[in-house]
Amino acid sequence: MKSPWPLALCFLVSWSSSVARSPYQAVLQHSRVRGRQQGPNVCAMQQLRGGDKKYFANCKQWYHRKICNRPTVVTYECCPGYEKIPGERGCPAALPLVNIYKTVGAVGASTTRMYADRAQLREEMEGPGSFTFFAPSNGAWAALPTEILDALVSNVNIELLNALHYHMIERRLTSEELRHGSSFSSMYQDLHVHVQHYSNGIVTVNCARLIKPDQHATNGIVHVVDRVITAVSGNAHALVDADDELETLRTAIAAAGMGGLLEGEGQYTVFAPTDEAFRKIPQETLSRILGDPVSLRDLLNYHILKNMRCAESIVSGTPMETLQGAVLEVGCDGDRLTVNGKAVVVKKDQLATNAVVHYVDEVLIPDSAKTLLELAQSSNVATATRMFAEAGLSARLKGSEALTALAPLDDAFTGGRTSGDARQVMSNHVVKGRLSSQSLYHNQELETLSGVKLRVLVYRNNLCIENACLAAHDKTGRYGTLLTVDSVLTPPAGTLMDVLKADERFGVLVGAIQVAGMTELLNRPGALTFFAPTDAAFGALTRPELDALMRNRQQLSALLKYHLGEGLVVSGGVGSHTRIRPLLGDKLELTVRNSTVFVNRVPVARADLMATNGVAHAVDSIVKAPPPKADPEQADGPPAALAPSFSSATSSLRSESGSFRDDDLFQKVIQSRSSRTMNTAQ
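Given the structure is predicted, the values throughout are model-derived calculations rather than measurements.

### Some points on the overall build of the chain
- Scanning the chain from N- to C-terminus turns up 27 helices and 35 strands.
- Burial status across the chain gives 50% buried among its 682 residues.
- Taking the intrachain contacts of the chain between residues at least 6 apart in sequence as the baseline, contacts between residues at least 24 apart amount to 64%.

Below you can see the structure in the form of structure tokens.
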């Protein structure tokens, strides 16, 4: 058993973090708590195994020991603003407060200081004033493309100086003051730098992550960042308009009239499909979407998140809402950004004044822009999709008709449950009208393409259409809805009596129903659940027991009525403890274990034989009443009435000769039972 202490520690850290001044301060506090056993002012960091990237960690990351699906190792270092003293534990000494120039060199940004010397910026960095310097780390300069670095250092007095000035703000800004969505004028032509302060504690400036924030200096503050940042001047629409890789996207934006959105104020994330991505879509689908303004707007809005998410802010899969209203799962796998689990991002962090743009090599098509056939093709219903096509229904499912498809899971087609004409079977799985599971109600009547009427059955734990119950959330397309169900749907095949007569397993039962005078009951309209004993169930009786039962109409009727429950309960409507009231007796207790329904501990051999006035479930044993349970509060009261059971019926019948009126019918039942027994023996 794991010690509860780590969870308690997380709780305490979370409580102390709740009073922290910013998300970054919260994760810093967590790192301090995790590192305090190493000495004062020690922070625990999570470092990617085999790399040099380090993160302050929150509780979730600490226990998962993974960042971007990559394992991490715990390292310890001095918290910001402190340093080691030889011979002493931890980091007991505060760093000496010096000017920005010296601070940059002391915190791992010596390359920045070197370029500051070349650009003759040292005097300004050492002089009076109050500055914020986003200082690129040594690794940030090393990662800069050679052609860009060469262009900077070849003109140190202009290009390099301008680049460094863009990293400076003429005021002191701590991490707490770097608020999410804020922007500040830089010292290069007052062009703004754009700050994001995410809830997971990560802070970025122009999508560069602050890896050593809050390094205080006498004349300001230094934040070490993991990349060299570049000036941003244009909006998202201008960025898309200027890139030859995004020609189809430009056309789509213009056709949808969405240029104004990408030109206006905002803090968006745009997943921009390249021309190559659009070429991967079947031409028929692409032409349909481009020609339909509603689908096109939905598609484009599905590529835009409501908030700006730089790549460095993503450390694990996170659901994020799009302008279209649906959610994208945005995550990472190593250095690759993922969308809905796929590494489709090919270029990250193209920054605009109102958005960050990530290029993707796959077009993300929302359900709302898909036809019914496309919804099925993108769901876990491959067999149903194929059978819809084989039944000649593809044209209707990809048209503009308002329809609802009931698509069984692939597993539902095992076991030979698709007997009959394929077109008829699959036509029964397409309902007229565009429906939503949230709008369906109990006993609602639906009509299929073939004119068959289906009933909606609402239970506490499920929603079913006849015997087929919902197995997934709705998928709402452009014109129709896809409802995934757990079974192949079988419409009612007549009344309960008709269903029993048509099934050779119920020969004795049919005769017994006639003997008991219950034929009319099973033919008239209603909603009954019949746990129907098969010939095998009656075959377990001795010949004298069966004779006696058949000769006592009252006892036979009582026995059969105990197998008949009020209300229509299909197998999908049975929960862990479901009770229904029989027509005669106390109760029937239903449970489900390993996908098998049990009634009073008797397993159902075949469930969901649908009828117009109910449902039959075949049982291979006579159902007996459960033993009474002692109730201390009612121990002195009158005993509850016991439901009729086979044992009570037959015990009284063994001594009776009975007063059976229709000897011919009785003999037919007995002969039927005898012949079936002989056939089984042979």
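### A word on the layout of surface pockets
- Of the pockets and cavities examined, the second largest pocket occupies roughly 770 Å³.
- Lining the second largest pocket are 29 residues, and of these Val 363, Ile 365, Lys 370, Glu 374 and Ser 378 lie nearest its centre.

### Structural notes on the environment of Ile 202
- Position of Ile 202 among the secondary structure elements: in the loop between strand E10 (192–197) and strand E11 (203–205).
- Distance in space between the C-alpha atoms of Ile 202 and Val 315 is 9.6 Å, their sequence separation being 113 residues.
- With near-sequence residues (within four places) excluded, Ile 202 lies in contact with Tyr 55, Gln 196, His 197, Arg 209, Glu 312, Ser 313 and Val 315.

### Quick notes on the environment of Val 499
- Counting through the fold element by element, Val 499 comes out in helix H20 (residues 496–501).
- Here the alpha-carbon distance between Val 499 and Met 610, two residues 111 residues apart in the chain, equals 7.8 Å.
- Not counting residues up to four positions away in its chain, the partners in contact with Val 499 are Ala 493, Gly 494, Leu 609, Met 610 and Ala 611.

### Here's the deal with the packing of helix H11 (residues 247–256) against helix H15 (residues 293–301)
- Where H11 contacts H15, the axes come no closer than 9 Å and their chain directions differ by 125°. With respect to their mutual orientation, H11 and H15 come out oblique. For the element pair H11 and H15, the recorded crossing hand is left-handed. Along its contact with H11, which presents Leu 249, Ala 252, Ile 253, Ala 255 and Ala 256, the element H15 presents Leu 296, Arg 297 and Leu 300.
- Here the residues of the contact of H11 with H15 are counted per class, giving seven nonpolar, no polar and one charged.

### Considering the state of the cysteines
- Evaluated as defined, the whole model comprises five disulfides.
- Across the disulfide, Cys 207 is cross-linked to Cys 310 (sulfur-sulfur distance 2.1 Å). Its torsion about the S-S bond being -70°, the disulfide of Cys 207 and Cys 310 is classed as left-handed. Taken as a pair, Cys 207 in the loop between E11 and strand E12 (208–217) and Cys 310 in the loop between strand E15 (304–305) and strand E16 (318–321) lie far apart in primary sequence, 103 residues in all.
- Judged by relative accessible area, Cys 207 falls into the buried class, the value being 1%.
- You can call Cys 310 buried: its relative accessible area is 1%.
- The residue that forms a disulfide with Cys 464 is Cys 469, at a sulfur-sulfur distance of 2.0 Å. Given an S-S torsion of about 90°, the disulfide between Cys 464 and Cys 469 has right-handed geometry.

### Regarding the pairing of strand E1 (residues 42–48)
- In terms of burial, E1 is a largely internal element, seven of the seven residues being buried.
- A two-sided burial pattern is seen for E1, the buried positions comprising Val 42, Ala 44, Gln 46 and Leu 48 on one face and Cys 43, Met 45 and Gln 47 on the other.
- Relative to strand E4 (residues 70–78), E1 runs antiparallel, the two being bridged by seven bridges. Paired with Cys 43 across the two strands is Glu 77, which belongs to E4.

### Here we look at helix H21 (residues 507–515)
- With seven of nine residues buried, H21 is to be regarded as a mostly interior element.
- With its phi angle positive at about 70°, Gly 517 sits one or two positions after the end of H21.

### Some words on the nonpolar core
- Counting residues in hydrophobic clusters, the biggest one holds 49 residues, and the most contacted among them are Phe 134, Leu 178, Val 193, Val 205, Phe 271 and Leu 328.
- Among all residues touching Val 205, those that are not within four sequence positions of it are Phe 134, Val 193, His 194, Val 195, Leu 210, Val 225 and Ile 229.
- Formed by 33 residues, the second largest nonpolar core is a distinct cluster that contains Val 508, Ala 512, Val 515 and Ile 622.

### Re the side chain of Thr 578
- Locating Thr 578 in the fold gives a position in strand E31 (residues 578–580).
- Accessibility expressed as a relative area gives 16% for Thr 578, which makes it buried.

### Regarding the sheet that holds strand E28 (residues 481–485)
- In spatial order, the strands read E22-E21-E28-E27; together these four strands make up an open sheet with mixed pairing. The open sheet has two free edges, formed respectively by strand E22 (430–432) and strand E27 (475–476), since each of these has just one partner strand.
- Relative to E28, strand E21 (residues 403–408) runs parallel, the two being bridged by five bridges. When the sheet's bridge partners are listed, Leu 406 is paired in E28 with Leu 483.

### Considering the packing of aromatic side chains
- Going through the model one piece at a time under the given rule, you end up with two aromatic pairs.
- Centre to centre, the rings of Tyr 24 and Phe 56 are 5.8 Å apart; their planes meet at 75°, and the pair counts as edge-to-face. Residue Tyr 24 is found in helix H2 (residues 23–35), and its partner Phe 56 is found in strand E2 (residues 54–56); the two are separated by 32 residues along the sequence. The burial state of Tyr 24 is the same as that of Phe 56; both residues are buried.
- Note on Tyr 115 and Trp 141: the rings are 4.7 Å apart at their centroids and 50° apart in plane angle, and the pair reads as tilted. Residue Tyr 115 is located in helix H5 (residues 110–118), and its partner Trp 141 is located in helix H7 (residues 138–143); the two are separated by 26 residues in the primary sequence.
- Since its relative accessible area comes to 3%, Trp 141 is described here as buried.

### So, the sheet that holds strand E34 (residues 602–611)
- Here we have seven strands laid out as an open sheet, ordered E30-E29-E35-E34-E33-E32-E31, and mixed in their pairing. Edge strands, defined here as strands with exactly one partner in the open sheet, are strand E30 (564–566) and E31. Across the sheet, the mean angle separating the axes of adjacent strands is 35° when strand polarity is ignored.
- In the sheet, E31 pairs with strand E32 (residues 588–593) via three bridges, with the strands oriented antiparallel. By the bridge assignment, Thr 578 is partnered in E32 with Leu 590.

### Some details on the side chain of Thr 383
- With respect to the helices, strands and loops of the structure, Thr 383 is situated in helix H17 (residues 382–390).
- Every residue in contact with Thr 383, bar those within four places of it in the chain, is listed here: Asp 410 and Phe 413.

Reading the values: the criteria
- Each chain has its residues counted from 1, following the order in which its sequence is written.
- For this predicted model, a pLDDT threshold of at least 70 governs which residues receive local features, and a threshold of 80 or more governs which side-chain atom pairs are given and counted, while totals over whole chains, interfaces and linings are taken from all residues.
- The basis for the side-chain values is all heavy atoms of the structure; hydrogens and waters are excluded.
- Counting from the N terminus, the helices are the DSSP runs of H or I reaching at least four residues and the strands are the DSSP runs of E reaching at least two.
- Only protein chains enter the accessibility calculation, which uses a 1.4 Å probe; a residue whose area is less than 20% of its type maximum is buried, one above 50% is exposed, and one in between is partly exposed.
- Contacts are assigned to residue pairs that have any heavy atoms within 4.5 Å of one another.
- Cavities and pockets are defined on a 1 Å grid built over the protein atoms alone: a cavity is a set of grid points where a 1.4 Å probe fits but cannot escape, while a pocket is an open set with protein on both sides within 12 Å along at least five of seven lines, and lining residues are those with an atom within 4 Å of any such point.
- Grid points are joined across faces, edges and corners, and a volume is the space filled by probe spheres set on the points.
- Each axis is a line fitted through C-alpha atoms, taken for helices only over the stretch in contact, and angles between the N-to-C directions span 0 to 180 degrees.
- Any angle that is under 35 degrees is reported as roughly parallel, and any over 145 degrees as roughly antiparallel; angles of 65 to 115 degrees are reported as roughly perpendicular and all others as oblique.
- Left-handed is the label given to a crossing in which the near helix is rotated counterclockwise from the far helix by less than a right angle, and right-handed is the label when the rotation is clockwise.
- All amino acids are sorted into three groups, where Ala, Val, Leu, Ile, Met, Phe, Trp, Tyr, Cys and Pro are nonpolar, Asp, Glu, Lys and Arg are charged, and the leftover types, Gly among them, are polar.
- Note that a disulfide, as used here, is simply two cysteine sulfur atoms within 2.5 Å.
- At least two bridges found by DSSP between two strands is the condition for calling them paired.
- In this text, buried Ala, Val, Leu, Ile, Met, Phe, Trp, Tyr and Cys residues form a nonpolar core when linked through side-chain atoms within 4.5 Å.
- Between rings of Phe, Tyr and Trp, where Trp is taken as its six-membered ring, a pair exists when centres lie within 6.5 Å; planes separated by under 30 degrees are stacked, by over 60 edge-to-face, and by other angles tilted.

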